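Coordinate inspection notes
So the chains spell out like this:
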Amino acid sequence: MRRLCIIIVLLISALCAEAQPLWSELTPSEQIATIRSRRTPKVVREVMLSDLALKQLDAPTRAQLLQRVTSRCMDQNLAALYLYIYNALREPNGSMAQSDVRMISLYAEPILKLWAQDSTSGKIYNWAYSLGSYSAMGGEGKVRRVVKKLTNKKLLASYGSQVYRFNSAYGIAYASVSAGKNSFNDITPPAVLYDTFTPESEDIYNAVNSASTPIVASLADAHSNIDVAMRAECMAWNGAYHTAIKHNLGKGIFLTHTHRADGEYLTIADAHSDSYTLNNEMFLLDNGYFVAIKRLASPHGIIVGRFLQRGGFVIFGERNLDYGTKILGVKSAGQSIYLHVEAEDKAQKYLNYTIR
């Protein structure tokens, strides 16, 4: 009896050690046998024997099918079919993140095998966006557990490259979506400032220290292929790639850089939930004043505000240039902003705006 128990344990261990096959690795006869098997749920069998493409299923059938294929399955060939169907039905926009978590918890190794067969790593990046977004929006505990499942010694030994790429991509997606919580498009126009621009000479403009740089630099080149891919994923499915900016402007102030299809933006938010989104070309002047340059809007102009000592900020208003006048260059000194502009008739001139 003891010997029989040992044999059974060894058989079970051997079966568990055998890698879960992918649907594409089964022979045509194995695939047909699996589809027609009595163990295969009716909805799965009927869908697979139908001429209708999986993406064309009606909503009730699709929901019933997804519920079935995201359930635990001990038959390896049927499990391979479940994973095949799930990947065919899966939406890339992150809306199926909870199901993604479920599938990785059930089929970590075959999913890693699928990722390893993808020469572009596109599947890794998209799943990483889905889980990173879900984690940032409240599902962090569930995602953390399933991500840990990918890092066991056995999987790392066979799929270390895929696991590393996924973890790096996941971190980028999580950081972007998390930062995006402090970013938004404010459509409320600021008040009009009635102080006017003062004409300046080219000599005075040139004499101003040219080392002035915006508070937040324009989005830098990506450091790696993973950065490039994940910025694209975030732009495609979340509408933007967000970055939380470190600064020394005071406690309670949050800066979020946002890259959208139409340009780069900077959102200022404070501890009181006040926030405002500006074009990402903001210069810090003396005494906490700042000026944001408007190049993405028409007409071009400036928005003036100030960071307060207690961690808040205030927007004073905006001053626009004449229609057709473009801002070519910017310098700042003290509480003044200097603009090099080109009028509609191509005439160039220099302007000064001083906060008093």
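Keep in mind that what you see is a predicted model, and the values were worked out from it rather than measured.

Examining the overall build of the protein
Check the secondary structure of the protein and you find 10 helices and 12 strands. In terms of overall size, the protein is more extended than a compact globule, its C-alpha atoms giving a radius of gyration of 29 Å where 356 residues would be expected to give roughly 21 Å. For the C-alpha atoms alone, the extent of the protein along its principal axes is close to 100 × 45 × 35 Å. Counting only residues that meet the buried cut, the protein has 45% of its 356 residues in that class.

Points about the pattern of salt bridges
Pairing between side chains of opposite charge can happen when the charged atoms of each approach one another. Going through the model one piece at a time under the given rule, you end up with 10 salt bridges. Ionic pairing is found between Lys113 and Glu25, a salt bridge with its closest N-O pair at 3.3 Å. Of the two residues, Lys113 sits in helix H6 (residues 97–116) while Glu25 sits in the loop between helix H1 (2–17) and helix H2 (28–36), which places them 88 residues apart along the sequence. Judged by its relative accessible area of 12%, Lys113 is buried. One salt bridge connects Asp100 with Arg90, and the closest N-O pair in it is separated by 3.0 Å. Residue Asp100 is located in helix H6, and its partner Arg90 is located in the loop between helix H5 (76–89) and H6; the two are separated by 10 residues in the primary sequence. The same class applies to Asp100 and to Arg90, which are both buried.

Let's talk about the sheet that holds strand S2 (residues 241–245)
Across the sheet, 4 strands lie side by side as S2-S3-S4-S5; this open sheet has antiparallel pairing. The open sheet has two edge strands with one neighbour each: S2 and strand S5 (275–279). Ignoring strand direction, the axes of neighbouring strands in this sheet form an average angle of 25°. Contacting S2 and strand S3 (254–260), helix H8 (residues 153–179) crosses the sheet at an angle of about 75° to S2. Each of S2 and S3 touches helix H10 (residues 225–238); the most contacted strand, S2, lies at about 115° to it.

Observations concerning helix H3 (residues 42–49)
Among the residues of H3, those classed as buried are Val43, Val44 and Val47. An end-on view of H3 places all buried positions within 100° of arc, on one side of the element. The inward-facing, buried residues of H3 abut helix H4 (59–69) and H5.

Structural notes on the confidence of the model for the protein
Averaged over the protein, the pLDDT score is 91; the fraction of residues at 70 or greater is 94%. In this model residues 1–17 is a low-confidence stretch, pLDDT under 50, and it forms 3 contacts with partners more than four residues away in sequence or in other chains.

Thoughts on the packing of aromatic side chains
Inspection of every chain in the model, using the stated rule, returns 10 aromatic pairs. Joined through ring pairs, the aromatic side chains of Tyr86, Trp115, Trp127, Phe166, Tyr170 and Tyr174 make up one cluster. Over the ring of Tyr205 we find Lys331; its NZ or CZ atom is 4.7 Å from the centre of that ring.

Overview of the sheet that holds strand S6 (residues 282–284)
The strand order across the open sheet formed by 4 strands is S6-S7-S8-S9, and the pairing between neighbours is antiparallel. Looking at the sheet topology across the chains shown, the edges are occupied by S6 and strand S9 (313–320). Sheet twist, expressed as the mean angle between neighbouring strand axes with direction ignored, is 20°. When strand S8 (residues 301–307) meets S9, the two strands line up antiparallel, connected through 7 bridges. Residue Ile302 lies in a different strand from S9, and its bridge partner there is Arg319.

Observations regarding the environment of Ile355
Take Ile355: it is sitting in the segment after strand S12 (348–354). Apart from residues lying up to four places away in sequence, Ile355 is in contact with Leu285, Tyr289, Val291, Val304 and Gln335.

Conventions and cut-offs
- Numbers given for residues are sequential positions, taken from 1 along each chain in its written order.
- Restriction of local features to residues with pLDDT of at least 70 applies here, the model being predicted, together with a cutoff of 80 or more for giving and counting side-chain atom pairs; totals for whole chains, interfaces and linings are based on all residues.
- Side-chain metrics rest on all non-hydrogen atoms present in the structure, leaving aside hydrogens and water.
- Strands here mean DSSP runs of E at least two residues long; helices mean DSSP runs of H or I at least four residues long; both are numbered from the N terminus.
- Put simply, the radius of gyration uses C-alpha atoms, and a globule should come to 2.2 Å times the residue count raised to 0.38.
- Only protein chains enter the accessibility calculation, which uses a 1.4 Å probe; a residue is then buried when its area is under 20% of its type maximum, exposed when over 50%, and partly exposed in between.
- Basic side-chain nitrogens of Lys or Arg form a salt bridge, by our definition, when they fall within 4 Å of a carboxyl oxygen of Asp or Glu.
- By the convention used here, strands pair only if DSSP detects at least 2 bridges between them.
- Helix axes are fitted only over the stretch in contact, all axes being lines through C-alpha atoms; the angle between N-to-C directions runs from 0 to 180 degrees.
- We call two residues in contact whenever any of their non-hydrogen atoms come within 4.5 Å of each other.
- Note that the arc is defined by the directions from the helix axis to the C-beta atoms.
- On a range of 0 to 100, pLDDT expresses the predictor's confidence in each residue.
- In this scheme Phe, Tyr and Trp rings, the latter by its six-membered ring, pair at centre separations within 6.5 Å, and the angle between planes marks the pair as stacked below 30 degrees, edge-to-face above 60, and tilted otherwise.
- As a reminder, the over-ring test applies to NZ of lysine and CZ of arginine, requiring each to be within 6 Å of the ring centre and within 35 degrees of the ring normal.

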